[in-house]
Each structure stands twice: as C-alpha cells, then as structure tokens.
Amino acid sequence: MANPKTNFAPAIQVFKPHRASLPPLIPYLKEFWRRRAFAIELSRFADKAEYLDSKLGKVWLVMNPLLLAFVYFLLVTVIRGGSTEKSGLSTLAHILIGLFTFYFASNSINGGALSITAGGRLILNQAFPRALLPLSSSISAFWQFLPTLPVYILVVVIGKLFFPHTQIPGLRLSYLWAPFIILCVGITGYGMGLLFATMNVYFRDTNKLLSYITRIWLYSSPVLWRPEILHGWHKIFLYINPLGPSLASTSDVWIEGRTPSLGMLVGSIVWAFLAVLIGGYFFISRERDFAVRI
Amino acid sequence: MPEELAIRIEDLSIKYKINIDTKKTLKNAVMRASKGEKVRTRIVEAVKHLTLDVPHGSVLGIVGANGAGKSTLMRAIAGILPPTEGQITVNGKISTLLALGVGFNPALSGRDNIILGGLASGMSRAEIEEKTEEIADFAALPDGFIDMPVRTYSSGMYGRVAFSVAVNMTPDILLLDEALSAGDASFKEKSFNRMRELCAEARTIVIVSHALQTVNDLCDSAIWMHKGNMLAKGKPEAIVDQYLKFLDVGTLPSNLEDM
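Regarding the packing of helix 4 (residues 125-139) of chain B against helix 6 (residues 185-200) of chain B
All names here are of chain B. Remark: helix 4 packs on helix 6, axes separated minimally by 10 Å, with the N-to-C direction vectors making an angle of 135 degrees. In terms of orientation, helix 4 and helix 6 fall into the oblique class. When helix 4 is examined against helix 6, the residues Asp137, Phe138 and Ala139 are found in contact with a partner set consisting of Phe187, Lys190, Ser191 and Arg194. Tallied by class, the residues present in the contact of helix 4 with helix 6 amount to three nonpolar, one polar and three charged.

Right, here's the structure in full:
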C-alpha cells in the first residue's frame, strides 16, 4: 500500500514493547537521514520567526560574544597586571576565537537540552526520530557561529594594522584545519546536547544546572588562558575536557598559525565520537519514553 | 499480516506511570533521596488487551467518554507511544492530525507553516513544495491570510490549514483526533468529500470523534471504548446507539451532533 511516488518509511512497521533499549538502529538512522530536511528547515524557520521583526537581533548574536570577549580581555589583562602591545592583540584574538568556538558548542548544548521539552506538542503528535530536534538546535548554533568568523578576521586585520609586529599569523596553510576542528566541536556539541536533552526530560531543572556547568566549563577550557601554560601531567586537564583538545587546536590554528599536534587532533576526534556515542545511546534508548513523560 | 489489512492490533495494553509529586527536578530528587522518601506514582492503564484489525480502504470511528483511551490508542497506532504489551503492525504511510497545528510557529505565515507541517509529518522538501499551493487552495483562507503570520488567524482558519496539510499528503492511513470540528459548514463538507476520496483510493482512516453524527456519516465500522476496554465493535449506527444508551441521554437529534 505504500505510495509508489514517495520514498517513505518502511511500508510495514511493527510497534512492540521495549525496555530502555535501542530500537533497530539501521532503520532509525535511515529515517533520521531521510528526514534531515526537517531539522534544517526547523532551524531556519525558528531563526526566521525569531528575527522577523528585529534585524538588530541578529547583530546582537555577534555583539554578545564580541563584547564578552572584550570584558574577558580586560579582566585577563588586569589580572596579569597589564600587557605589552605585542602580546595584547594576540591575547584578545585568542580570547575572541576561543569564545566564539566555545559559544558554538555551548549554544548547541543548551539549545539541544531544551529542544525536547520545548517540542512537547510535536513529540506528542508526530512520530519521527526525536534526535532531529537537538540536531536542529545544533544547526541553529552553527548559523549563529558562522558570522562571528568574519568578525574575528576583521578584528585581527585591523589589529595588525596598528601592531604590525604581532605574532598572529596572516594567511597560513594551517587554516585549512579550521573546518575540521569546527566539525569536531559541532559533533561534540550535538552529542552533549543529546545527553542533556535526555536528562532534561527526566529532571526539568537540568538546564539551570547547565548554566553553571557551562560557566565552569568555560573557565576550565583554554579560552581565557593559553593551552601552553599547562606543562607535564597538567596537560591531562586538556584531555579530560570534552572541548579541551578542539579548543587547544583552535588556538594552534588561528593564533599560532601551526598544525595542531597529533595528540590534540586525536583528542578532538575521540571526544566527538564519545559524545555522539554516549549522548546518542542515552537519547535513542529512551526517546520512546519521551511522549509519556512530556 | 494479511495483505488486505492496514492496521493489526494484537492484545495491546498501554500503561504509564504518572508522577504524583509535582515537579520532576534534580533538586526534588536529591531532597527526596536525602529524606529517604520514594516518588509517589500511579499506574494508569490507558488501553487494556485490545485486539482489532482494520482493513485497507475502511473508515473506523472510535467513540467513548473522556479518559476512555481513544487518544492513547491513536498515538500508539502512529508509533508515538510504545505498547506495554502486545503489538501493532501498520502497513502504509501514516499521517496524523491528533492536535491542530502541531509544529506550527505562530510568528510564521500560513505558507511557511504548511512547509514546516509537511516536513514534520515526513514529506520531503520537494514533495511539500510541490503541494504547498494545492494545500493553500484547499484551506481557502480569506484574501491574503495565507501569507500572514498564523498568530493573526482565527481558530477556524488555524484548523483549516492544519487539516489541509494532513489530508493532502496522500497518506495510506490517516489518523484524525477531533479534527473534524475545524472550520465552518462549507469547509466541513469539503473535508468530508476529501475523506471519501481518500477512501475511494483504498486509503484507511481512523477517526476519534465526539460528533456522533460524523461517525454515522463517514465510518463503515466503529468501536466503543470505555476506561481502556473495547466494549463493542460493529456498524457505526449500532455502536453509536449503544454508546448513547450507556450515556443515558436518549437519542435526541440534538445529542447526535457536537456532543
């Protein structure tokens, strides 16, 4: 009876009881892939609805992390007791690119965490792979992150005009690593978004807790401080942080102008995999329970 | 499952646990754990041992009082709520209209919401773009409303758009929960005609309705549910009759519509 014109879900579907276990993964992932347009459009339409009447709202998306970066820069400079002209710009640039990248991950996690509880009516009334909702939040976070890159480049270009002897590199081949690292950050953010989205269904105050976690996470990540300050066994702090290796790599690529170390690259990939595997397992094995708990 | 069946429900039971304690928060969970208290829950048996076959091309009506388990059953058929026992086999693409305007964003126009609604129910972008005009025409909103934000719509207009999306995505199985109250008399007529067309194309419809006349007019079989049990199954007139007797309100014409 399946409509021959449409490429729809398997014609015969069987719904059986389950006990917190994974559904058959191949059909799930096929359906997830088939419906990806829904996640993309949901994010696009949510964005359209949010900024329909306020074009300035979009500017704020860039201004917010930019101003925060200046605040942190002042803070770091004051704590350090001032800085030389030479290191000042690179400190600012490091904080800027680190904060923009960190915000990409944290927006993805925070948006993802709320996506299930906020999508209550949709979940109660339509059957689809629920992992599409946090994906939609991650896509939104990416579109918010993208315009911050030209802002970073603009700040660096202007900065280099005033301080030509700064260590920040011009165009380098190492920049080719940037898309890969951004991808790792995106996947890690999505995976953690899946995890916190599941938690938020069971404990509705998870997102409040998340705001504290995010703050501590930011301070313990190489955003306000350079990854080089860690030596010896202290480097473990970079590796146990899911965003540590990718943020350290970000700093390598954009500030030092070099290829990230193999350890950091492997760390970024491992965390991206772990986040999606663990987050995905918790989420997908419990998602059939969401409609009951929403 | 025999090929002529669209839906087969075998010994289906659905139970869920309701948390009586107000808020499900980490804070409350920690507080309770520190006091050694347990969460107070209640098990609700929404559907009890239901067995039912629905052949292709038929229209099944489900009647019953509030809390009978009608909506839970619909959600289980749609694959939204998992069965606790038994199983449901569905043969064909399902379209659901279990609540009006699900997935609609009030700040967006009707046209944007048609695209979003179509994608939410599983259409591809190309399919929904091809059908947007047809769906907009079917909804037949007053001049220009289709390009205005949905928040400016009357509830009738809102319902018309939602209904149009559900019936125009050519589902094999259409699940409608109280959706027929959308729109005025002429739209209702149009909806009925569209549903009859769907049936003629051997598509299957399951309707939950309190408007008993609708069940009589549209359905070729009906079931009566009460507190999770299926009390009766048969011709719609007979089922509606039994249900009305049970309600003890007689069979006055005024009771037949919009109860």
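The rest of the description comes next.
Notes on the side chain of Ser90 of chain A
Residue and element names in this part refer to chain A. Mapped onto the elements of the fold, Ser90 is located in helix 4 (residues 85-118). By relative accessible area, Ser90 is classed as buried at 1%. Polar side-chain contacts of Ser90 include one of 3.0 Å to the side chain of Arg226. Look past the residues within four positions of Ser90 in its chain and what remains in contact with it is Thr166, Gln167, Ile168, Arg226 and Ile255.

Some remarks on the nonpolar core
Judged by nonpolar contacts, the single largest core of 104 residues is most densely connected at Phe38 of chain A together with Ile7, Ile9, Ile62, Leu73, Leu175 and Ile205 of chain B. Per element, the largest residue contribution to this core is seven residues, and it comes from helix 5 (residues 155-167) of chain B. Setting aside anything within four residues of it in sequence, one finds Ile9 of chain B in contact with Leu50, Thr51, Leu52, Asp53, Leu73, Ile77, Gln87 and Ile88 of chain B. Core analysis: the second largest hydrophobic core is formed by 44 residues, Phe104, Val185, Met192 and Trp217 of chain A among them.

Comments concerning the pairing of strand 1 (residues 5-19) of chain B
Two strands pair when backbone bridges link them, and strand 1 of chain B and strand 2 (residues 41-55) of chain B are joined in this way by 11 bridges, in the antiparallel orientation. Residue pairing in the sheet places Tyr16 of chain B in a bridge with Val44 of chain B of strand 2 of chain B.

Concerning the environment of Ile9 of chain B
Residues and elements named next belong to chain B. Here Ile9 lies in strand 1. Taking the relative accessible area as the measure of exposure, Ile9 reaches 0% and is therefore buried. Separated by 234 residues in the primary sequence, Ile9 and Tyr243 have C-alpha atoms spaced 22 Å apart.

Thoughts on the sheet that holds strand 4 (residues 85-91) of chain B
Pairing is antiparallel in the open sheet, where four strands are placed in the order 1(A)-4(B)-1(B)-2(B). Strand pairing shows two members of the sheet lacking a second neighbour, strand 1 (12-15) of chain A together with strand 2 of chain B, which therefore form its edges. The mean inter-strand angle of the sheet, taken between neighbouring strand axes irrespective of direction, is 20 degrees. Seen against the sheet, helix 2 (residues 70-78) of chain B touches strand 1 of chain A together with strand 1, strand 2 and strand 4 of chain B and runs at an angle of roughly 120 degrees to strand 1 of chain B.

Some thoughts on the confidence of the model for chain A
All names here are of chain A. On average, chain A scores 86 in pLDDT, and the residues at 70 or more come to 94%. Ranking the helices and strands of chain A by mean pLDDT puts helix 8 (residues 178-202) first, with 95, and helix 5 (residues 120-125) last, with 81. Ignoring residues within four places in sequence, the model shows residues 1-9, a span with pLDDT below 50, making 23 contacts including any to other chains.

Quick word on the sheet that holds strand 8 (residues 221-226) of chain B
All names here are of chain B. Sheet architecture is open: six strands sit in the order 5-6-7-3-8-9, paired in mixed fashion. Strands at the two margins of the open sheet, each flanked by one partner only, are strand 5 (94-97) and strand 9 (229-234). Here the average twist between neighbouring strands, direction ignored, is 15 degrees. Bridging between strand 6 (residues 173-177) and strand 7 (residues 204-208) involves five bridges; their strand directions are parallel. Bridging from a neighbouring strand, Ile173 pairs with Thr204 of strand 7. On the sheet, helix 2 packs against strand 3 (59-63), strand 5, strand 6, strand 7 and strand 8 and is oriented at approximately 155 degrees with respect to strand 6.

Side note on the interface of chain B and chain A
The partner chain A presents 48 residues to the 51 residues of chain B that form the contact. When the two sides are added together, the surface that chain B and chain A hide from each other amounts to roughly 4,200 Å², 59% of it contributed by carbon and sulfur. Taken together, the connections running from chain B to chain A amount to two salt bridges. Residue Asp112 of chain B pairs with Lys48 of chain A through a salt bridge whose shortest N-O separation is 2.6 Å. At the boundary of chain B with chain A, the tally comes to 12 residue pairs in polar contact (both at pLDDT 80 or more).

Here we look at the packing of helix 2 (residues 36-50) of chain A against helix 3 (residues 110-120) of chain B
Interaxial distance between helix 2 of chain A and helix 3 of chain B falls to 9 Å at its minimum, and their mutual angle equals 150 degrees. In this view, helix 2 of chain A runs roughly antiparallel relative to helix 3 of chain B, as classed from their interaxial angle. Regarding helix 2 of chain A and helix 3 of chain B, the two cross each other, and that crossing is left-handed. Here Ala37, Phe38, Glu41, Leu42, Phe45 and Lys48 of chain A of helix 2 of chain A lie close against helix 3 of chain B, whose contacting residues are Asp112, Ile115, Leu116, Leu119 and Ala120 of chain B. Classifying every residue of the contact of helix 2 of chain A with helix 3 of chain B by side-chain character gives eight nonpolar, no polar and three charged.

Overview of the pattern of salt bridges
Residues and elements named next belong to chain A. In total, this model carries 16 salt bridges over all chains according to the counting rule given. Of the charged contacts, one joins Arg35 and Glu31 as a salt bridge, the two residues approaching to 2.9 Å between their closest N and O atoms. In the salt-bridge network here, residues are joined through shared partners; they are Glu31, Arg34 and Arg35.

Let's talk about the pairing of strand 8 of chain B
Residue and element names in this part refer to chain B. Direction of pairing for strand 3 relative to strand 8: parallel, over a ladder of four bridges. Its bridge partner being in strand 8, Gly61 is matched across the sheet by Ala222. Relative to strand 9, strand 8 runs antiparallel, the two sharing five bridges. Residue Met225 lies in a different strand from strand 9, and its bridge partner there is Met230.

Conventions we followed
Residues numbered from 1 in each chain as written. Chains lettered and ligands numbered in written order. Predicted model: local features only at pLDDT ≥ 70, side-chain atom pairs only at ≥ 80, totals over all residues. Heavy atoms only, no water. Axes fitted to C-alpha atoms, helices over the stretch in contact; angles between N-to-C directions. Helix = DSSP H or I, 4+ residues; strand = E, 2+ residues; numbered from the N terminus. Parallel < 35°, antiparallel > 145°, perpendicular 65-115°, else oblique. Contact = heavy atoms within 4.5 Å. Nonpolar A, V, L, I, M, F, W, Y, C, P; charged D, E, K, R; others polar. Buried < 20%, exposed > 50% of the residue type's maximum accessible area, 1.4 Å probe, protein only. Polar contact = N/O pair within 3.5 Å; in protein donor to acceptor, adjacent residues only side chain to side chain. Core = buried A, V, L, I, M, F, W, Y, C linked by side-chain atoms within 4.5 Å. Pairing = 2+ DSSP bridges. pLDDT = per-residue confidence, 0-100. Buried area = accessible area lost by both parts, 1.4 Å probe. Salt bridge = Lys/Arg side-chain N within 4 Å of Asp/Glu carboxyl O. Left-handed = near helix turned anticlockwise from the far one by under 90°.

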